[in-house]
Amino acid sequence: MNVAFSDFDAIKKSLTQGELNCADLTQMYLDYIRQGAQVNAFISVFDEQAPGRAMDIDRKRRHHKAGPLAGMVLAIKDNLVMDQGRTTCGSNILQSFTSPYDATVIQKLTDADAIFIGKTNMDEFGMGSSNENSAFGLVRNPHDGQYVPGGSSGGSAAAVAAGFCTAALGSDTGGSIRQPAAFCGLVGLKPTYGRVSRYGLVAFASSLDQIGPLTRSAGDCAELLQVISGHDIRDATSMDEPVPEYASFLRRDVTGLRVGVPGEYFDEGVDAGVQKSVKAAIGFLQQSGAQVVDISLPHTPYAIAAYYIIANAEASANLARFDGARYGFRAKAPSDLEALYVKSRSQGFGAEVKRRIMLGTFVLSSGYYEAYFGKAQKVRTLIRQDFARAFEKADLLLAPTCPTTAFRIGEKLDDPLTMYLSDIFTVSVNLAGLPALSVPCGKDQQGLPIGLQLIGNHLQEGGCLRVADFLQRHYPPSAPSEYIPSAAGKNDKEAL
Amino acid sequence: MPYESVIGLEVHIQLSTATKIFCNCPAQFGAQPNTQVCPVCMGLPGALPVLNEKVIEFAISLALASNCRINPCFLFARKNYFYPDLPKGYQISQFDLPFCEQGHIGFETAAGLFTVAIRRIHMEEDAGKSVHAESYVAADETLIDLNRCGVPLLELVTEPDFRQPEQASAFLMYLRQLVRYLGICDGNMEEGSLRCDANVSLRPRGSAELGTKTELKNMNSFRHVERAIAFEIERQQNLLRRHEPVMQETLLWDAAHQVAQPMRSKEYSHDYRYFPEPDLTPGRVTPGQIDKVRARMPELPLAKKTRYIETLDLPAYDAAVLTDDIRIAEYFETLCRHVEDKKLASNWVMGEVLRALKEQDVEIDQLKMTPESLAGLLQQVEKGAISHTLAKKVFAESLATGTDPVVLMQQQGLSQVTDESALTDIIQDVLKQHPAELADYRAGKEKLFGFFVGQVMRASGGRADAKKVSELLRTRLSK
Ligand SMILES: [Zn+2]
């Protein structure tokens, strides 16, 4: 197997046996990034910094002083600030912004001796489900270049799927890790809200955002999660709860596990192929000793509306700081202060971001607040209660990650509402603050990956990892995909 | 038609915590521009606020002092507006569930005691400053100093209970004294530590309905507050008399021209779109936290003043002077623990001590005279061991040298001579030295009695007890 498509477990073995070193591994990824430039997964590539860092880690390894992630080469979503390179959030308005500090997760990963290979492309400020809303160009799905990789962590997902790195960090506000993981055949985890510090994550919607890993295997996900989790005094919303040993949830069986299947997530809007694959996986778990229970999440139909109201309201305030006054893009020759704001923001933000800022501003406006924001908060409470009731009957819930597999580039670009609806099975989890993981579950007729979503109760990441790991070991459709590198360039010219 | 004015105040109290409200930057005034900043208070992408617990402690003390009900759970909210000195594009403030509500503060006005209801007190962060006036700023430039960003503020909102400008300014003066007593704010209006906006409306006397109100801003002294409100009442009165409507608007007080000018409508027509701050979890205040602050609460200024009058039997004037500044009051109270005659102690603090502070331009804790040392000197005065005049000299010398006044008295033998035999000896000598005057006195020139007293005092080096000298001298001369 090509080492670029190996999971971290396999890489660690090769490193220990001396078949591989970090410097060569890093160089190989950099070569793949260069060869796969048409995927457009990266906004910045650390081709100058990464090799030196890899040599440092090799030195540490020789002295047996290397941290737990030595040999893990990571791609970082470009909405996580680092004090090297620029942090753009996929936006023109932060085109050349450099942060003077590292995000907490970056510090933790640095301390664990991970190597950073670059910053990945994304939908501008996380706003999108296809990675077509980027000022740095769209990202192609490595499985088929005519298809989107999902979003907003599309660059991170594509980078892992295309063999540009061992794993990646993304952020998930309404499905932005899980949906691209599903579309690209990866494991993607959105942790419990507050499990991972948001300090240094450029906020889209503060009450929904979480940072999480995109990996080939549940095992890699567990290792990465182990390092980035935990309380941070710089994030008041981070939880002061002990971090369990996530590896202890691996290599376990599913006997006696109560798997809840929410009827609302299997309606007629879900592709037949997706339905079939996910149901087959449910059947396999049942055969393996899991207890499958039907459950209901009755407020699911209101989740999308509530999500887009809350997320956009928070975003309208979070993005107010990008005004051209202090840093980032500033329009030329404004006549006065107001013109400076209007021109800088009009020129600096893309269409989707502007649409959402306006929506968010509207729902908070005096006279509309109660009807929209107030009501959305009430729906959020009801959705939380739905889950709380479901978790009385089940240990974890299982559903499709998305109603469809990856769609074609350009297909939904002119129809924001259809685009928003593709988040239908992912947003509720963010509203409820729960952990959820997408694991591969076979492919559709076009050969595009299907994602299966495992939703845990608060802080039950371990349960999600346990089932995902079990499937990946015993259920071939969930195994890390065998991958053909040339596919990324397939039909390149026909694509948009 | 006679009108009644209805006045409410909104006061911003800048807290004197060591660090800012949501980060660890120092909160002190006067540093070089943009040197007390970090990613959090600069609103850099990705930075998050974390509440400084000290702010809660300060807020509890003001809540207790203003008899407010403290909400067991409070919320922060974002107040959205664009301004260059507001780096996040929103201010973290409070809207629903403020820190505390429904209190009252009693204070004195020229016309007697007045109690104003307090609607609410909430916590918020200060904004930065736009710099225009400094020499390093070009004519067409505005520079931004973010040092003040994130300095903690408490905003206190009164009910519209004031009827006269004088009541509003008296309240503000009392509030300044109160926050200084609590040690939560330096009360400096010129530096903006205490900022006040006023809402003013008029209504026909006897009517319960409120008229259209205007908001007055930019009043940075007590006098300005009073003048601006008086100006605005008159302006509204004139409008109403002419049957013209009062517009709801914000006016800026122009102290140079003594007028209130309307702000351009764009500058205040904000819809702040408040919503709960998602970066901060709901705050909690426990009874334990409140009790801890309560245990350290000082006696409040009005209570202290009343006690000085009623228990210490001091004149109202003395009580007011002594309680104006809590540190003076504490000095006085320490002094009183050792001195029986409270009026004597009061006279000394109001006289010698305050004069010395003024002359040396120092704070009372820097004065080279502890209340215990001064108490020693005043005990000597009370005993009659030293005259007032001499005591004042000793006080001055002690201040200058730092030597304890009682030690100084002993070193220089300055104790008052009251011993009869010693005084009789001096008198004998004086009479012996002035035979001519003695003869004249005996011949009927009684005015010379004063001359003899003076001579005896001089001979004693000023230490003789003048009353005793007169007594003894009279006895001696009548022989
Ligand atoms: Zn700071």
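Residues numbered from 1 in each chain as written. Chains lettered and ligands numbered in written order. Predicted model: local features only at pLDDT ≥ 70, side-chain atom pairs only at ≥ 80, totals over all residues. Heavy atoms only, no water.

## With respect to the packing of aromatic side chains
Worth spelling out the cut-off: Any two of the Phe, Tyr and Trp rings considered here, Trp counted by its six-membered ring, make a pair once their centres fall within 6.5 Å; the pair's planes then place it as stacked at under 30 degrees, edge-to-face at over 60, or tilted in between. Numbering goes from the N terminus for both helices and strands, where a helix is a DSSP run of H or I of at least four residues and a strand is a run of E of at least two. Each residue gets one of three labels from its accessible area relative to the maximum for its type: buried under 20%, exposed over 50%, partly exposed in between, using a 1.4 Å probe on protein chains only. In this analysis the charged atom, NZ for Lys or CZ for Arg, is taken to sit over a ring once it is within 6 Å of the ring centre and within 35 degrees of the ring normal.
Enumeration according to the criterion identifies 36 aromatic pairs over all chains in this entry. For the pair Phe97(A) and Tyr327(A), a centre-to-centre distance of 5.2 Å together with 45 degrees between the ring planes defines the contact as tilted. Of the two residues, Phe97(A) is situated in the loop between strand E2 (73–77) and helix H4 (104–111) and Tyr327(A) in the loop between helix H9 (303–318) and helix H10 (337–348); the sequence distance between them amounts to 230 residues. Given a relative accessible area of 6%, Phe97(A) falls into the buried group. Pairing Phe74(B) with Phe76(B) gives two aromatic rings, centres 5.8 Å apart and planes at 85 degrees, and the pair type is edge-to-face. Summarising the burial analysis for this pair, Phe74(B) and Phe76(B) share the class buried. Put simply, the rings of Phe97(A), Phe125(A), Phe322(A), Tyr327(A) and Phe349(A) pair up and form one aromatic cluster. Lys412(A) extends its terminal NZ or CZ atom over the ring of Phe407(A), reaching a point 4.3 Å from the ring centre. Positioned over the ring face of Phe449(B) is Arg474(B), at 4.1 Å from the centre of the ring.

## A word on helix H12 (residues 370–393) of chain A
Applicable threshold: Here, expected helix span is obtained from the residue count minus one, scaled by 1.5 Å.
Compared with the 34 Å implied by 1.5 Å per residue over 24 residues, the 34 Å span of H12(A) between its first and last C-alpha is a close match. Of the residues making up H12(A), those classed as buried are Phe373(A), Gly374(A), Ala376(A), Val379(A), Arg380(A), Ile383(A), Asp386(A), Phe387(A), Ala390(A) and Phe391(A).

## Some points on the side chain of Ser206(A)
As a reminder of what qualifies: Pairs of residues are marked as contacts when any of their non-hydrogen atoms sit within 4.5 Å.
For Ser206(A), the position within the fold is in the loop between strand E5 (187–190) and strand E6 (210–215). Beyond its immediate stretch of four places on either side in the chain, Ser206(A) contacts Tyr193(A), Arg198(A), Glu314(A), Asn318(A), Arg78(B), Pro278(B) and Asp279(B).

## Brief notes about the confidence of the model for chain A
Our working definition: As a per-residue measure, pLDDT tells how confident the predictor is, with possible values from 0 to 100.
In this model, chain A carries a mean pLDDT of 94, and residues with pLDDT of at least 70 account for 97%. Ignoring residues within four places in sequence, the model shows residues 487–496 of chain A, a span with pLDDT below 50, making 25 contacts including any to other chains.

## Focus on helix H2 (residues 22–35) of chain A
Residue and element names in this part refer to chain A. Which entries qualify depends on this criterion: For this analysis, a polar contact is any N or O atom pair within 3.5 Å, provided that within protein one partner can donate a hydrogen and the other can accept it, and provided that sequence-adjacent residues contribute only side-chain to side-chain pairs.
The terminal C-alpha atoms of H2, which comprises 14 residues, lie 20 Å apart, in line with the 20 Å expected from a rise of 1.5 Å per residue. Within the span of H2, buried status applies to Cys22, Leu25, Thr26, Met28, Tyr29, Leu30, Tyr32 and Ile33. Its side-chain oxygen placed 3.2 Å from the backbone nitrogen of Ala23, Asn21 serves as the N-cap of H2.

## A look at the interface of chain A and chain B
For the record, the criterion: Summed over both partners, the accessible surface that disappears when two parts come together, traced with a 1.4 Å probe, is what is meant by buried area. Salt bridge criterion: a side-chain nitrogen from Lys or Arg within 4 Å of a carboxyl oxygen from Asp or Glu. Nonpolar residues are Ala, Val, Leu, Ile, Met, Phe, Trp, Tyr, Cys and Pro. Charged residues are Asp, Glu, Lys and Arg, and all others, Gly as well, are polar.
Contact with chain A, which involves 37 residues of that partner, is made by 31 residues of chain B. For the pairing of chain A and chain B, the buried interface totals around 2700 Å² over both sides, and the portion due to carbon and sulfur atoms is 62%. Ranking the residues of chain A by area buried against chain B places Ala236(A), Arg321(A) and Arg326(A) at the top, with a combined share of 21%. The interface formed by chain A and chain B holds one salt bridge in total. Elements represented by at least two residues in the side of chain A that touches chain B include exactly H9, H10 and helix H11 (351–364) of chain A. The residue makeup of the side of chain A that touches chain B, split by class, is 20 nonpolar, eight polar and nine charged.

## Quick notes on the sheet that holds strand E13 (residues 250–254) of chain B
All names here are of chain B. Applicable threshold: Any two strands between which DSSP finds at least two bridges are classified as paired. All axes are obtained by fitting lines to C-alpha atoms, using only the stretch in contact for helices, and the reported angles, taken between N-to-C directions, cover 0 to 180 degrees.
Strand order in the open sheet made by the nine strands is E2-E6-E7-E10-E1-E11-E12-E13-E14, with mixed pairing throughout. The open sheet has two edge strands, strand E2 (69–70) and strand E14 (259–262), and neither has a second partner. Inspection of the sheet shows strand E7 (residues 112–125) paired to strand E10 (residues 152–158) by seven bridges, in the antiparallel sense. Of the residues in E10, the one forming a bridge with Arg120 is Val157. Contacts between helix H1 (residues 53–65) and the sheet are confined to strand E1 (3–14), E2, strand E6 (100–109), E7 and E10, with E10 contributing the most and set at about 20 degrees to the helix. Across the sheet, helix H3 (residues 222–241) is in contact with E1, strand E11 (194–204), strand E12 (214–219), E13 and E14; its angle to E11 comes to roughly 25 degrees.

## Let's talk about the coordination of the zinc ion
Residues and elements named next belong to chain B. The criterion, for reference: Only nitrogen, oxygen and sulfur atoms qualify as donors, and only when within 2.8 Å of the metal (3.2 Å in the case of Na, K and Ca); with water excluded, sites may look incomplete. Every angle between 85 and 135 degrees makes a four-donor site tetrahedral, while opposite donors more than 155 degrees apart, with all other angles between 65 and 115, make a four-donor site square planar and a six-donor site octahedral; other sites are irregular.
Ligation of the zinc ion by protein atoms is provided by Cys23 (SG), Cys25 (SG), Cys38 (SG) and Cys41 (SG), these donors lying 2.3 to 2.4 Å from the ion. Given four donor atoms and angles of 101 to 115 degrees at the metal, the environment of the zinc ion is assigned as tetrahedral. Taken in sequence order, the residues that donate to the zinc ion follow the motif C-x1-C-x12-C-x2-C.

## Some details on the pattern of salt bridges
If you walk through the whole model with that rule in mind, you get 45 salt bridges over all chains. Here Lys304(B) makes a salt bridge to Glu333(B), at a shortest N to O gap of 2.7 Å. Here Lys304(B), found in helix H6 (residues 301–310), pairs with Glu333(B), found in helix H8 (residues 326–338); they are 29 residues apart in sequence, far enough to count as distant. Several salt bridges share partner residues, and in doing so they unite Arg198(A), Asp235(A), Arg78(B), Glu277(B) and Asp279(B) into one network.

## Focus: a nonpolar patch on the surface
Residues and elements named next belong to chain A. This is how the line gets drawn: For patches, a residue must show more than 30% relative accessible area and have no salt bridge; joins then use 9 Å for like charges and 5 Å for nonpolar side chains, namely Val, Leu, Ile, Met, Phe, Trp and Tyr. Note that accessible areas follow from Shrake-Rupley with a 1.4 Å probe, and for residues the cover is restricted to the protein chains shown.
On the surface, a cluster of nonpolar side chains totalling about 270 Å² of accessible area is made up of Phe362, Tyr368 and Tyr372. Structurally, the position occupied by Tyr368 is in the loop between H11 and H12. Here Tyr368 falls in the partly exposed class, since its relative accessible area comes to 39%.

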